[in-house]
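This is what each chain is made of:
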Amino acid sequence: MLEVRIADPVTFVIFGASGDLTRRKLLPALYTLFAESALPEKFAIVGFARRDYDSHSFCALVEDALRNHSRTAVDEPLIKAFCSHLSYHCGDLSDAAAYAGLQARFETGDLPANRLFYLSIAPDLIGRTVDSLSRAGLITAPHSKVWTRVVVEKPFGRDLPSAKNLNGVLLDHLDETQIYRIDHYLGKETVQNILSFRFANTLFEPVFNRTYVDHIQITAAETVGMEGERGAFYDQTGVLRDMVVNHLFQLLCLVTMEPPDGLEASSVRNEKVKILRALRLAETAEHHPAACFGQYGDGDGTKAFRAEKRVDPQSKTATFAALRMEINNWRWAGVPIYLRTGKRLAKKTTEIAIQFKTPPLALFQHVACQGDVCDVTGVKPNTLIFRIQPDEGIFLQVSAKRPSMQMVVESVRMDFSYSGKWNRVLPEAYERLLLDALRGDSTLFTRSDEVEAEWAVIDPILAGAAASGEPFSYDPGSWGPPEADAILFSNVWKNE
Ligand SMILES: NC(=O)c1ccc[n+]([C@@H]2O[C@H](COP(=O)([O-])OP(=O)(O)OC[C@H]3O[C@@H](n4cnc5c(N)ncnc54)[C@H](OP(=O)(O)O)[C@@H]3O)[C@@H](O)[C@H]2O)c1
C-alpha cells in the first residue's frame, strides 16, 4: 500500500491515449495508484487521440490494457470505479478545434482545474502540441493557484541542437518548474536507493573516490531484439540515443555525484549537471580505443538486426556500445568508467559494479605452505554491486577465510536483496514518476540544462561512431563483439 495520497484535484490528459506506452505503462500505473488510494478523490483521466472511440469504447480499451499489463488484480468493481473517472476526447493534434473543445470542458467545470498533460506522442509532435495548448489557453501561469504540468517522454531531441531547440519551444510557453522530462530509469526503486545507500551511510562514501576505486562498470544488457514494431524507431535511434545518453548517464551521475545539500530537485540536479559537464570519452592510445560499437547478427532462430521488420537491410545502426568514459574532476580523475549496453546479449541485467583497488600489500598471494598456512591465491578486489534489475539488491564482494585447517582465502558475497528483506512487489517506475509529477516533485525528472549537458557529451561520440563506419557484428547471446574487449585494459568483463 502506498503511503501517499495526492490532495489536489487533477485532470490527467494523455495525448497518445491509443498508443503502446499508454496501454503498457501509463494506464496500469494509474490503475495501481487508484487501487492503492494514492490518486485524489476528485480526478479525471482524459484520453486524447485520433482513433474513433467514445468514452465507453475507450473504457473497453483500458480494461483490455489492464488485463494484459497491470500488476494489480483487475476486478470488476474496481475497473468500474476506475472507468467512472475516464473520458475520451477524439481529436487531431494539428486541429485547433480539438484543443478548444478541451478548454471548454475545463471552463464549464466538467474537469478538475489542475491539469497534467502527458505527451505520449512522437517527439516531432511535442513542440507543436505545447504551442497549441498555449494558444488554446490551456496552460495556466506558473505558480498560479491552478497548476499546469507537462510530462515529456524520451527521446528528448536527437542531438544537442535539437534538444536546445525543443527546450526553447517548451520554455516559450512553460516555466521550467512546469516541465517534467521523464527518464523511467529514475523511477526504479533500486536506482533511487543508490542515493540513500551512498549518503545515508558513513561507511561507503569515504571510499567512493580515485584513491580507493579502481574502476566502475555500468551494464544494461537486454536479451530482446526488435520485437513488435520497434525496428523502424530503433534503426533511426540506435543504442547511444536509446540507452546511453539518458539511462546510463543518469546511473553514472547518481553513483559519482557529490552529496547534494538537500534532497529537493534543484540540489540533486545541480550535482548531476556538474558530473555531466566533467564527463567525456576517455583519451586513450590509438591501439586502445575508448569506444566500440556492434550490431547483432543472426542466431539460432533469431534474425540479424538488418533482417528485422522495418529495418534498413544495409543499416549501420549500432545495437551495442562499449565506452570507456572519464570524469575530469577532483574525486574521479583517472578512474575509468566502463559503460556497455546492447540488444540480444547473453542475459537481461542492469547493474553498476564499483571495483575497488586490490589491497596494497599482497599478504595472501603466497602459494607456499608452512604448517597450516597455505595456498591463498585467488584474492579478488572488493566489488560493490548495485543490481537494478532483475533480483534487485546490493551485493558486496569481500575476501574471507574458508573454514579449514589451512589459510585459504576466497571471495564471498554479502547480500542485501529487496525480495529477501521486504518480500513485497516493488512499485513500477511509472507509478512512482506519475505520483511525483502529480505531487509537483521534479527531483526524478531531467532539467533542461541536464538534458543539454547529456547531449553535449554524446554528440562527439555519435560523430565518432558515424565516422568509424560499420559496427562490428556480434553473435546473439554473447556479450557483444570481441573487439569490445580492446577498450578495456584489464579483462573486467570476462569474469562472468
Ligand atoms: N512504447 C514504449 O515502450 C516507449 C518507451 C519509452 C518512450 N516512449 C515514447 O513515448 C511516446 C509514445 O510512444 P508509443 O510507443 O506509445 O507510440 P505509438 O504507439 O505510436 O502511439 C502514438 C500515439 O499518438 C497518437 N497520435 C499520433 N499522431 C496524432 C495526431 N496527429 N493527433 C492525435 N494523436 C496522434 C496515436 O493515436 P491515433 O493514431 O489514434 O491518433 C497514438 O495514440 C514516444 O515519444 C516514444 O518515444 C515509448
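Note that the coordinates shown come from a computational prediction; the quantities given were computed from them, not determined experimentally.

Q: Now, about the overall build of the protein chain: what can you tell me, with residues and values included?
A: Scanning the protein chain for helices and strands turns up 12 helices and 16 strands. Against the globule reference of 23 Å for 496 residues, the protein chain gives a C-alpha radius of gyration of 25 Å, in line with a compact fold. Along the longest, intermediate and shortest principal axes, the C-alpha atoms of the protein chain span 90 × 50 × 45 Å. Out of the 496 residues belonging to the protein chain, those deemed buried represent 39%. If you take every contact in the protein chain between residues at least 6 apart in sequence, the share linking residues at least 24 apart comes to 79%.

Q: An account of the pairing of strand β1 (residues 10–15) is requested, with residue identities and associated values reported.
A: Residues in a regular strand point their side chains to alternate faces of the sheet. Along β1, six of the six residues are buried, which leaves the element largely enclosed by surrounding structure. Burial along β1 is two-sided: V10, F12 and I14 facing one way and T11, V13 and F15 facing the other are all buried. In this structure, β1 lies alongside strand β2 (residues 43–49), joined through six bridges in parallel fashion. Each bridged residue has a counterpart across the sheet, and for I14 the counterpart in β2 is G47. For the crossover that starts at β1, traverses helix α1 (residues 20–35) and ends in the parallel β2, the hand is right-handed. Alignment of β1 against strand β4 (residues 115–119), held across five bridges, turns out to be parallel. Residue T11 lies in a different strand from β4, and its bridge partner there is R115.

Q: Tell me about helix α5 (residues 126–135), and name the residues and values.
A: Of the positions making up α5, those classed as buried are I126, T129, V130 and L133. Taken end-on, α5 shows its buried residues confined to a sector of 95 degrees, consistent with a single buried face. Downstream of α5 by a residue or two, G137 has a phi angle that is positive, lying close to 75 degrees.

Q: Which residues make up helix α9 (residues 265–278), and what values do they have?
A: Given 3.6 residues per helical turn, the α-helix brings residues three or four places apart onto the same face. Helix length check: α9 (14 residues) gives 20 Å between terminal C-alpha atoms against 20 Å at 1.5 Å per residue, within 8%. Within the sequence span of α9, burial applies to V268, R269, K272, I275 and L276. Projection of α9 onto a plane perpendicular to its axis shows the buried side chains occupying an angular sector of 115 degrees, all on one side. Contacts made by the buried residues of α9 are with α8 (230–256), β8 (279–281), β10 (320–327) and α12 (448–467).

Q: Now, about the site of the ligand: what can you tell me, with residues and values included?
A: The immediate surroundings of the ligand are formed by 20 residues, with G16, G19, L21, R50 and R51 found nearest. Per-element accounting of the shell around the ligand gives the leading share, three residues, to α1. Looking at the shell around the ligand residue by residue, the classes come out as eight nonpolar, six polar and six charged.

Reading guide: rules and limits
Residues numbered from 1 in each chain as written. Predicted model: local features only at pLDDT ≥ 70, side-chain atom pairs only at ≥ 80, totals over all residues. Helix = DSSP H or I, 4+ residues; strand = E, 2+ residues; numbered from the N terminus. Rg over C-alpha atoms; globule rule 2.2 N^0.38 Å. Buried ≥ 20, exposed ≤ 12 C-beta atoms within 10 Å, placed from the backbone. Contact = placed C-beta atoms within 7 Å. Pairing = 2+ DSSP bridges. Right-handed = clockwise from strand over helix to strand, strands pointing away. Arc of directions from axis to C-beta. Expected span 1.5 Å × (residues − 1). Near = placed C-beta within 6 Å. Nonpolar A, V, L, I, M, F, W, Y, C, P; charged D, E, K, R; others polar.

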